[in-house]
Amino acid sequence: MEQEDDQDNIDFLPEAEKVLRDVFESQPKHSEGIVSCEILLI
Amino acid sequence: MKPISKAYVDALEFIDAVRKHPQFQNLRRTVGRRKARKFELEDEFFAEVIDRMEQETEHYIDWDDISEFFTRRGRPRTTIQQLQQSEKAMIDVALSSDPEDKAAQTTGKTINYNYQRDGYDSDPEFHTYSKEVEYEFKLPRGQVDLSPGKTRWKYDIDEEQLKHRTYTAESSAEPTRHDRSYQIERPETVSHKLSRGRSVPHYLDKRFGAIYKDKNTLHYTLPEPFEFDSRDRSKKKSIRERRIEEDIRAIREEEEKMLKHTFRAKSVPASTTGRL
């Protein structure tokens, strides 16, 4: 059971997660529909 | 927590922005993720995970996928599936190709190219070969270079003779008239013997062609492996390559096992042989 849970563990520092989250929120967002349309066009 | 998981961002722009973040330099050598028990990806620093994300991610990425790159699994499940599919396709291609060539490419098997002829006639008039050229090309580590478009052969060369010739060539780089040793050691060409005998000087001999040339006067090109080639050779095999090789080996073993299987009939049951 422990082996199943192991792969989803996250070990990075909270500061790193904060950086990622800040950057993600600062980026322009695309909705799921637009993304899938662009992928289809490509 | 804000529900940001359904929004997508441009992956490359996101990665660039992370690298330009003021705290990135402080965090780059911190733990990005640790190795999972079931997966082969080793421990990585934060910057290494970002680098790998740049290589493996698609054009757009959402928050869930970003977090999955930092899990011990190391990749989103969809990426893992895509990798497995591409590996399977590569295995199929490898199995459908010529096994001899594949073995040569993967295991560095030495192929004997000796006693093949070159593509040119020695005698352009009669289209005959003066002799069969013995081809041999071995890299310093004893492996045949199989890269396409690269010269594979060299002529059969007596190493002692080669040393001697290079020595004489160096010593007689600029021969003078008074240099007797140069005049004495100067080799006679084959053409003397073939055409007019020893009495006729070589400059009167009008014969021309490869078969009339003396072996000692030929200049050989010694192919050497390129630096980038040796660099590739010493490079460690990637996980994908190792997996493919293992899978191919397993499939081959399974096939061998099936081919060597002997069917044995069971003994006739007692109900058949015995009296009713």
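Residues numbered from 1 in each chain as written. Chains lettered and ligands numbered in written order. Predicted model: local features only at pLDDT ≥ 70, side-chain atom pairs only at ≥ 80, totals over all residues. Heavy atoms only, no water.

Q: Honestly, the overall build of chain B in this entry has me stumped. Any pointers?
A: Scanning chain B for helices and strands turns up 12 helices and four strands. Counting across all 276 residues of chain B, residues that qualify as buried make up 26%. Put simply, 48% of the contacts in chain B that link residues at least 6 apart link residues at least 24 apart. About 20900 Å² of surface is accessible on chain B, with carbon and sulfur atoms providing 51% of the total. (Helix = DSSP H or I, 4+ residues; strand = E, 2+ residues; numbered from the N terminus. Buried < 20%, exposed > 50% of the residue type's maximum accessible area, 1.4 Å probe, protein only. Contact = heavy atoms within 4.5 Å. Areas by Shrake-Rupley, 256 points an atom, 1.4 Å probe, with all protein chains shown as cover.)

Q: Help me understand the pattern of salt bridges, please; the structure alone is not making it clear to me.
A: Where charged atoms from two side chains of opposite charge come close, those side chains can pair. All names here are of chain B. According to the stated counting rule, one finds 15 salt bridges over all chains in the structure shown. Linking Arg75 and Glu56 is a salt bridge whose minimum nitrogen-to-oxygen distance equals 2.8 Å. A residue pair is termed long-range when its members are at least 10 positions apart, and Arg75 in the loop between α4 (63-69) and α5 (77-96) and Glu56 in helix α3 (residues 46-56) qualify at 19 residues. (Salt bridge = Lys/Arg side-chain N within 4 Å of Asp/Glu carboxyl O.)

Q: What am I meant to see in the packing of helix α2 (residues 14-26) of chain A against helix α1 (residues 11-20) of chain B here?
A: The relative placement of two packed helices comes down to the angle between their axes together with the axis-to-axis distance. Contact geometry for α2 of chain A and α1 of chain B: axes closest at 9 Å, N-to-C directions at 130°. Relative to α1 of chain B, the element α2 of chain A is oriented oblique. Considering only the axes of α2 of chain A and α1 of chain B, their crossing is right-handed. Contacts between α2 of chain A and α1 of chain B involve Leu20, Val23 and Phe24 of chain A from the first element and Phe14, Ala17 and Val18 of chain B from the second. The residue inventory of the contact of α2 of chain A with α1 of chain B, partitioned by class, reads six nonpolar, no polar and no charged. (Axes fitted to C-alpha atoms, helices over the stretch in contact; angles between N-to-C directions. Parallel < 35°, antiparallel > 145°, perpendicular 65-115°, else oblique. Left-handed = near helix turned anticlockwise from the far one by under 90°. Nonpolar A, V, L, I, M, F, W, Y, C, P; charged D, E, K, R; others polar.)

Q: Before we go on, may I ask you to explain the nonpolar core in this structure?
A: One recurring pattern in soluble globular proteins: nonpolar side chains tend to sit buried together. The biggest cluster of nonpolar side chains holds 23 residues, and the ones touching the most others in it are Leu20 of chain A together with Phe14, Phe46, Ile50, Met53, Ile66 and Phe70 of chain B. For this core, the secondary structure elements donating two or more residues are α2 of chain A together with α1, α2 (24-27), α3 and α4 of chain B. (Core = buried A, V, L, I, M, F, W, Y, C linked by side-chain atoms within 4.5 Å.)

Q: I tried to follow the interface of chain A and chain B on my own but got confused; where do I start?
A: A common way to report how large an interface is uses the accessible area buried once the components associate. At the junction of the two partners, chain A supplies 28 residues and chain B supplies 37 residues. For the pair chain A and chain B, the summed buried area comes to about 3200 Å², and 63% of that belongs to carbon and sulfur atoms. In this assembly, chain A and chain B are joined by three salt bridges. Summed over the shared surface of chain A and chain B, the number is five residue pairs in polar contact (both at pLDDT 80 or more). For the side of chain A that touches chain B, the secondary-structure elements that each account for two or more residues are α1 (2-6), α2 and α3 (32-41) of chain A. Among the elements that make up the side of chain A that touches chain B, the one with the highest residue count is α2 of chain A (nine residues). The residue makeup of the side of chain A that touches chain B, split by class, is 10 nonpolar, six polar and 12 charged. (Buried area = accessible area lost by both parts, 1.4 Å probe. Polar contact = N/O pair within 3.5 Å; in protein donor to acceptor, adjacent residues only side chain to side chain.)

Q: How do you make sense of the environment of Glu42 of chain B when you look at a structure like this?
A: All names here are of chain B. Examined against the element boundaries, Glu42 turns out to sit in the loop between β2 (31-33) and β3 (44-45). Along the chain, Glu42 and Arg72 lie 30 residues apart, while their C-alpha atoms are 9.0 Å from each other. Among all residues touching Glu42, those that are not within four sequence positions of it are Arg33 and Lys35.

Q: Would you take a moment to explain the packing of aromatic side chains for this structure?
A: To describe a pair of aromatic rings, you give the distance between the ring centres and the angle between the ring planes. With the rule as written, the count across this model stands at six aromatic pairs over all chains. Seen in terms of ring centroids, Phe12 of chain A and Phe70 of chain B are 4.9 Å apart; in terms of plane orientation they differ by 40°. Their pairing is tilted. Highlighted residues: Phe12 of chain A in the loop between α1 and α2 and Phe70 of chain B in the loop between α4 and α5, drawn from two different chains. Phe70 of chain B matches Phe12 of chain A in its accessibility class, with the two residues each being buried. For the ring pair Phe24 of chain B and Phe46 of chain B, a centre distance of 6.0 Å and an interplane angle of 55° mean the geometry is tilted. Of this pair, Phe24 of chain B sits in helix α2 while Phe46 of chain B is found in helix α3, placing the two residues 22 residues apart along the sequence. Assigned by exposure class, Phe24 of chain B and Phe46 of chain B land together as buried. Taken together through their ring pairs, the aromatic side chains of Phe12 of chain A together with Phe24, Phe46 and Phe70 of chain B make up a single cluster. (Phe/Tyr/Trp six-rings, centres within 6.5 Å; stacked < 30°, edge-to-face > 60°.)

Q: Just checking my understanding: could you explain the side chain of Asp62 of chain B for this structure?
A: Note on placement: Asp62 of chain B falls in strand β4 (residues 60-62). According to the relative accessible area criterion, Asp62 of chain B is buried, its value standing at 9%.

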